[in-house]
Amino acid sequence: MTPIQECIKNKNTKIIPIWLMRQAGRYLPEFREIRSQNQDFVKLCLDENLSSKITLQPIDRFKFDAAIIFSDILMLPYGLGQEVKFEKNFGPKLGDLNLDSLLKTNEDDFNNKLNPIYKLIYKVSKDPNLKNRDLIGFVGAPWTILVYMINKLSPKKGLNENFFKDKILIKKLLILIEKFLKIHIENQVKAGATIIQIFDSWAGLLKDNIEEYIYDPTLNLVNHTKKLGVPVICFPREINNYKNFCDFVNPDAINIDYSIDPEKIIKEIKIPVQGGLDPKILLNDKQTLKKEVKRYLDIFKDHPYIFNLGHGILPETKIEMVEELVKTVREF
Ligand code: CP3
């Protein structure tokens, strides 16, 4: 069994596997090299030769316990026919949302559009470097996908104040998104993904209707993934109550964000925990990094734990700091 499966399925606390969110990304010079020659991000995600190469870059360098596929949560709206662009130094920009045409999306068209992602997964799963390692496929949670599809920009750039008002639109879209996320998850598992992570990056935006917009749709995806026979990790970033989320949704493991007190969480949550460390710590000196990493390792020494961050690794992170992090975890 792989170290992560050992942690999740057997609740083994003797090994602490490690991988990092956004490990295949801009802090890596070898990624920036490929990226500089490929301006169109969506096209890059759909080039299975390059995307499989990028997926394996952090494994070659740091020997992490899992590779996460190089793709994006916004490939789902792309598959549904909404325009998706990534602008340099700005982030994602989506095209106008046309509910009628979205509702007409045909499953075969969707599968064909996203087929290069499944080819990438198949290719990487056969790579000798993946021996005794997991291959993590992922999706955005229905709520976070909905936020991008309606707002068309990251909420970081501001949220349209009428956003929460059109409850009928929200409901119809959530059902559509959930249907295609299930297909996307199933295709990834069939292609060779051994774990699915569900990113709910904007879970913290929602103050009311949490059960209807977050718990219920996420629970449906979690149950769907469990039926396919692979573990599912949830990351409901900044949700007001991780314990309630876990009681309701019951994923195989939960990724915590860096605002969460790790000592409190192990008292409240029984399932394996992943992540937590503030990615900004990696911009500090090695001494501070080591101290903070050891604090997490000590707290989780009797609780099944997968080392990771409380959000994606920052692009300005130095390679030597990641090396130091891996070394500290491996030597513990
Ligand atoms: O290494 C990995 O973790 C795998 C690849 C991955 C990417 N995006 C590649 C990417 C994963 C798992 C994601 C998830 C994702 N994408 C999320 C959820 C996690 C989170 O960060 O909250 C979200 C919200 C998105 C949407 C998205 N994609 C945004 C908001 C941005 C722009 C902001 C940014 O960080 O630049 C992206 C672009 C993106 N996705 C990049 C990468 C490597 C940077 C693209 C570039 O090179 O310009």
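What comes next is a walk through the structure. Here the structure is a predicted model, which means the values were calculated and not measured. (Residues numbered from 1 in each chain as written. Predicted model: local features only at pLDDT ≥ 70, side-chain atom pairs only at ≥ 80, totals over all residues. Heavy atoms only, no water.)

Some points on the sheet that holds strand β6 (residues 232-235)
(1) Moving on: Strand order across the open sheet formed by seven strands is β1-β4-β5-β6-β7-β8-β9, with parallel pairing between neighbours. The outermost strands of the open sheet, each flanked by one partner alone, are β1 (66-68) and β9 (305-306).
(2) Moving on: Both β1 and strand β4 (residues 134-140) contribute to a ladder of three bridges, which runs parallel. If you follow Ile68 over to β4, its bridge partner there is Ile136. (Pairing = 2+ DSSP bridges. Helix = DSSP H or I, 4+ residues; strand = E, 2+ residues; numbered from the N terminus.)

Comments concerning the pattern of salt bridges
(1) Moving on: Here the structure, examined in full by the defined rule, presents 16 salt bridges.
(2) Moving on: Lys93 serves as the salt-bridge partner of Glu87, at 3.1 Å between the closest nitrogen and oxygen.
(3) Moving on: Among the residues examined, Lys93 registers a relative accessible area of 28% and is labelled partly exposed.
(4) Moving on: Between Lys182 and Glu178 there is a salt bridge, with its nearest N and O atoms 3.2 Å apart. Linking Lys182 with Glu178, this pair stays in helix α9 (residues 167-191), spanning four residues, or about one helical turn. (Salt bridge = Lys/Arg side-chain N within 4 Å of Asp/Glu carboxyl O. Buried < 20%, exposed > 50% of the residue type's maximum accessible area, 1.4 Å probe, protein only.)

Remarks on the nonpolar core
(1) Moving on: Phe64, Phe307 and Leu325 are the most contacted members of the largest nonpolar core, which has 122 residues in total.
(2) Moving on: In terms of residue count, α9 provides more of this core than any other element does, twelve residues in total.
(3) Moving on: Residue contacts for Leu325: discarding those within four places in its chain leaves Ile18, Leu20, Leu277, Leu282, Leu289, Val293 and Phe307. (Core = buried A, V, L, I, M, F, W, Y, C linked by side-chain atoms within 4.5 Å. Contact = heavy atoms within 4.5 Å.)

Some points on the pairing of strand β2 (residues 84-87)
(1) Moving on: The alternating pattern of β2 places Val84 and Phe86 on a buried face and Lys85 and Glu87 on a face that is not buried.
(2) Moving on: Bridge count between β2 and strand β3 (residues 91-94): four bridges; the pairing is antiparallel. Bridging across to β3, Lys85 finds its partner in Lys93.
(3) Moving on: Between the antiparallel neighbours β2 and β3 lie three residues, among them Asn89 with a positive phi of about 55°.

In short, the description is geometric, and any link to function would need to be established separately.
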